[in-house]
Amino acid sequence: MGRIILSKVTKTFGDVEVIPPLDLKIEDGEFVVFVGPSGCGKSTLLRLIAGLEDVTSGEIEIDGTPATDLPPARRGLAMVFQSYALYPHMSVRKNIAFPLKMAKMDAAEQERRVLAAAKTLNLTDYLDRRPAQLSGGQRQRVAIGRAIVREPEAFLFDEPLSNLDAALRVNMRLEISELHQSLKTTMIYVTHDQVEAMTMADKIVVLRAGHIEQVGSPLELYRSPANLFVAGFIGSPK
Ligand code: ADP
Ligand code: MG
């Protein structure tokens, strides 16, 4: 289960309200994209869901359980960071197993999960390499592997492809979509790239200055943008 409900969530930094009261419902198994210009609050919203930031007010519910005050490790979510967050001195195997080792999981179970993730991500032949011995795409897959082994209720991605070149971005976009189809786990994906949003999302959340301008499927947003901001951002002909 990966159902996430935000009710009247706000976030204030100093005296700046970066997220005004916001309501959002994410259904189990959905691929949801938060899209909007730089500085509109996408990362902040994702970090609030992950528990890496505390809400200023409002409630977060995950799988029917109040999660507003839970620490990140108890929310059942896995954040996928950009590939440069890998440990350079550790093998791929150790990088992927790292969160399991931190959780003091039994070694045999760690290995089972690492092998399963490596198989899913086509990394089986690279487990003994260091990140520097991998391509950019392989490194990004290792970063995803580190999330998969935790078997989370939902994956949270914050612009995971932004430091990859254009051709690789297209490839990884397809790989992440395929991963979603095979795992069927809720994914929340933050991007400022409307092409990523339109091609990957079941549901797009268009953000502007911390509030939601529109929520809908790519087709709904394209055909019936709520206003000129959405139309401009989605590139529809309105
Ligand atoms: P995005 O990810 O859409 O580019 P962010 O969520 O990073 O936007 O930032 C939204 C706004 O909140 C920006 O104005 C940013 O400067 C501000 N902000 C983000 N994090 C902090 C922080 N820790 N302290 C103060 N302001 C912050
Ligand atoms: Mg951001």
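Check the Sequence similarities (unreviewed entry) section of the UniProt entry for the protein chain; it says "Belongs to the ABC transporter superfamily." Within the UniProt record for the protein chain, the comment given under Subcellular location (unreviewed entry) is "Cell inner membrane".

Details of the overall build of the protein chain
Helix and strand counts for the protein chain come out as 8 helices and 10 strands. What you see for the protein chain is a C-alpha radius of gyration of 18 Å, in line with the 18 Å of a compact globule of 238 residues. The buried share among the 238 residues of the protein chain stands at 39%. Restricting the contact set of the protein chain to residue pairs at least 6 apart, pairs at least 24 apart contribute 66%.

Focus: the site of ligand 1
The environment of ligand 1 is formed by F13, V18, G36, S38, G39, C40, G41, K42, S43 and T44. With 3 residues, helix α1 (residues 42-50) is the single largest residue contributor to the shell around ligand 1.

Overview of the sheet that holds strand β6 (residues 77-80)
Strand order in this open sheet of 6 strands is β6-β7-β8-β3-β9-β10, and the pairing throughout is mixed. Two strands bound the open sheet, and with one partner strand each, they are β6 and β10 (211-216). On average, each strand axis in the sheet is tilted by 20 degrees relative to the strand beside it, whichever way the strands run. Two elements, β6 and strand β7 (residues 154-158), share 4 bridges in a ladder whose sense is parallel.

Points about unusual backbone geometry
Trans peptide bonds make up most of the peptide bonds, and negative phi angles are found at most residues other than glycine. Phi at K104 takes a positive value of approximately 55 degrees, unusual for a residue other than glycine. The class of K104 is exposed, set by 7 C-beta atoms lying within 10 Å. If you check the backbone angles, E151 has positive phi at about 50 degrees while not being a glycine.

Some remarks on the confidence of the model for the protein chain
A residue-level look at the protein chain finds 98% of positions with pLDDT of 70 or above and a mean pLDDT of 94. For this predicted complex, the interface confidence reaches an ipTM of 0.98, while the overall pTM sits at 0.94.

Topic: the pairing of strand β1 (residues 4-13)
One ladder, built from 7 bridges, connects β1 with strand β2 (residues 16-26); its direction is antiparallel. Across the sheet, F13 pairs through a bridge with V16, a residue of β2. Hairpin connection from β1 to β2: 2 residues lie between these consecutive antiparallel strands, with G14 at a positive phi of about 60 degrees. Looking at chain direction, β1 and strand β4 (residues 57-62) are connected through 5 bridges and run antiparallel. The residue bridging S7 from the neighbouring strand is E59, located in β4.

As for the sheet that holds β2
One open sheet accounts for 4 strands, arranged β2-β1-β4-β5; its pairing is antiparallel. Since the sheet does not close on itself, it has two edges, and those belong to β2 and β5 (65-66), each with one partner. Strands in contact with α1 are β1, β2 and β4; relative to β1, the strand with the most contacts, it is inclined by about 120 degrees.

A look at helix α2 (residues 92-102)
Because the α-helix completes a turn every 3.6 residues, residues three or four places apart line up on one side. Along α2, the positions that sit buried rather than exposed are V92, R93, N95, I96, A97 and L100. Against α3 (107-120) and α4 (136-148) lie the buried residues of α2.

Here we look at the nonpolar core
Formed by 64 residues in total, the largest nonpolar core has its most connected members in V33, F34, I49, V80, L156 and I188. The contacts of I49, once residues within four sequence positions are left out, are I4, I60, L77, L156 and I188.

Remarks on the pairing of β10
Strand direction decides the pairing type here: strand β9 (residues 203-208) and β10, joined by 5 bridges, are antiparallel. Note on β10: the bridge partner recorded for L207 is I212. Joining the antiparallel neighbours β9 and β10 is a turn of 2 residues, in which A209 adopts a positive phi near 50 degrees.

The rules we used
Residues numbered from 1 in each chain as written. Chains lettered and ligands numbered in written order. Predicted model: local features only at pLDDT ≥ 70, side-chain atom pairs only at ≥ 80, totals over all residues. UniProt positions renumbered as here; feature names shortened; annotations may be inferred. Helix = DSSP H or I, 4+ residues; strand = E, 2+ residues; numbered from the N terminus. Rg over C-alpha atoms; globule rule 2.2 N^0.38 Å. Buried ≥ 20, exposed ≤ 12 C-beta atoms within 10 Å, placed from the backbone. Contact = placed C-beta atoms within 7 Å. Near = placed C-beta within 6 Å. Pairing = 2+ DSSP bridges. Axes fitted to C-alpha atoms, helices over the stretch in contact; angles between N-to-C directions. pLDDT = per-residue confidence, 0-100. Core = buried A, V, L, I, M, F, W, Y, C linked by C-beta atoms within 7 Å.

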